[in-house]
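Examination of the molecular architecture
This is what each chain is made of:
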Amino acid sequence: MSALTLLVVLGCGALFGFGLALSTMIRPEVVLSFLRLQDFGLMLVMGGAVCVTLLAYQLAPRGLRAPLLGGRFDVHPSSMERNTLVGAAVFGIGWGLCGVCPGPAIAGLGAGNWPTLWALAGIAAGAWLQGVQADAGGAPSGASARQE
């Protein structure tokens, strides 16, 4: 990875973390309030993020010949299968129980929200278990499934 690419990735990560902090998504109590349908402020945040992402994914490949930092634009084929549904359910249950998902948990650490370490430990354990299952032939992992 070049120094420019690393700098851009770090800058984008910092901007993303700042946005999560500004929108209060790093506070589990705010997220849980949203999930209990008591506060709809995060719906505006997520809706705005979905709109920006949709526009970027639709317009960038049309306006640029290649990504700015190299490589090429690819279409990621996705399929709805049992492992996808189980993973989404486990992720949703974890999010609903603790009010934390990976991005905001990491950004929360930057704001001193140390209890999110428990959520990150659970996320890491789940990712490790999925990797073990994939290596045992139970479920395709992302990288190896695309290479075969």
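The structure reproduced in this document is the subject of the present report. (Residues numbered from 1 in each chain as written. Predicted model: local features only at pLDDT ≥ 70, side-chain atom pairs only at ≥ 80, totals over all residues. Heavy atoms only, no water.)

**Remarks on the layout of surface pockets**
Taken as a whole, the second largest pocket spans an internal volume of roughly 440 Å³. In terms of lining, the second largest pocket is formed by T53, A56, Y57, A60, P61, R72, F73, D74, V75 and H76. Its residues assigned to classes, the lining of the second largest pocket shows 6 nonpolar, 2 polar and 2 charged. (1 Å grid on protein atoms, 1.4 Å probe; cavity = no way out; pocket = protein on both sides within 12 Å on 5 of 7 lines; lining within 4 Å. Points joined across faces, edges and corners; volume = space filled by probe spheres on them. Nonpolar A, V, L, I, M, F, W, Y, C, P; charged D, E, K, R; others polar.)

**Some thoughts on the nonpolar core**
Counting residues in hydrophobic clusters, the biggest one holds 10 residues: L20, M25, I26, V30, V31, F34, L42, W95, C101 and A107. With 3 residues, the top contributor of residues to this core is helix α2 (residues 28-35). When sequence neighbours within four positions are dropped, the list of residues in contact with L20 reads M25, I26, G103, P104 and A107. (Core = buried A, V, L, I, M, F, W, Y, C linked by side-chain atoms within 4.5 Å. Buried < 20%, exposed > 50% of the residue type's maximum accessible area, 1.4 Å probe, protein only. Helix = DSSP H or I, 4+ residues; strand = E, 2+ residues; numbered from the N terminus. Contact = heavy atoms within 4.5 Å.)

**With respect to the pattern of salt bridges**
Counted under the stated rule, the structure contains 2 salt bridges. E29 serves as the salt-bridge partner of R27, at 2.9 Å between the closest nitrogen and oxygen. A relative accessible area of 39% means that R27 is categorised as partly exposed. In this structure, the salt-bridge partner of R72 is D74, at a minimum N-O distance of 3.1 Å. (Salt bridge = Lys/Arg side-chain N within 4 Å of Asp/Glu carboxyl O.)

**Side note on the packing of α2 against helix α3 (residues 41-63)**
Here α2 crosses α3 at 95°, and the two axes come no closer than 8 Å. By the angle between their directions, the pair α2 and α3 is classed as roughly perpendicular. Across the interface between the two elements, V30, V31 and F34 of α2 pack against L42, M43 and M46 of α3. (Axes fitted to C-alpha atoms, helices over the stretch in contact; angles between N-to-C directions. Parallel < 35°, antiparallel > 145°, perpendicular 65-115°, else oblique.)

**Considerations on the side chain of T116**
Topologically, T116 is positioned in helix α6 (residues 116-135). Classification of T116 as buried rests on a relative accessible area of 2%. In this view, T116 contacts V100, A105 and L109; residues no more than four positions away in its chain are not counted.

That's the geometry; what it means functionally is another story.
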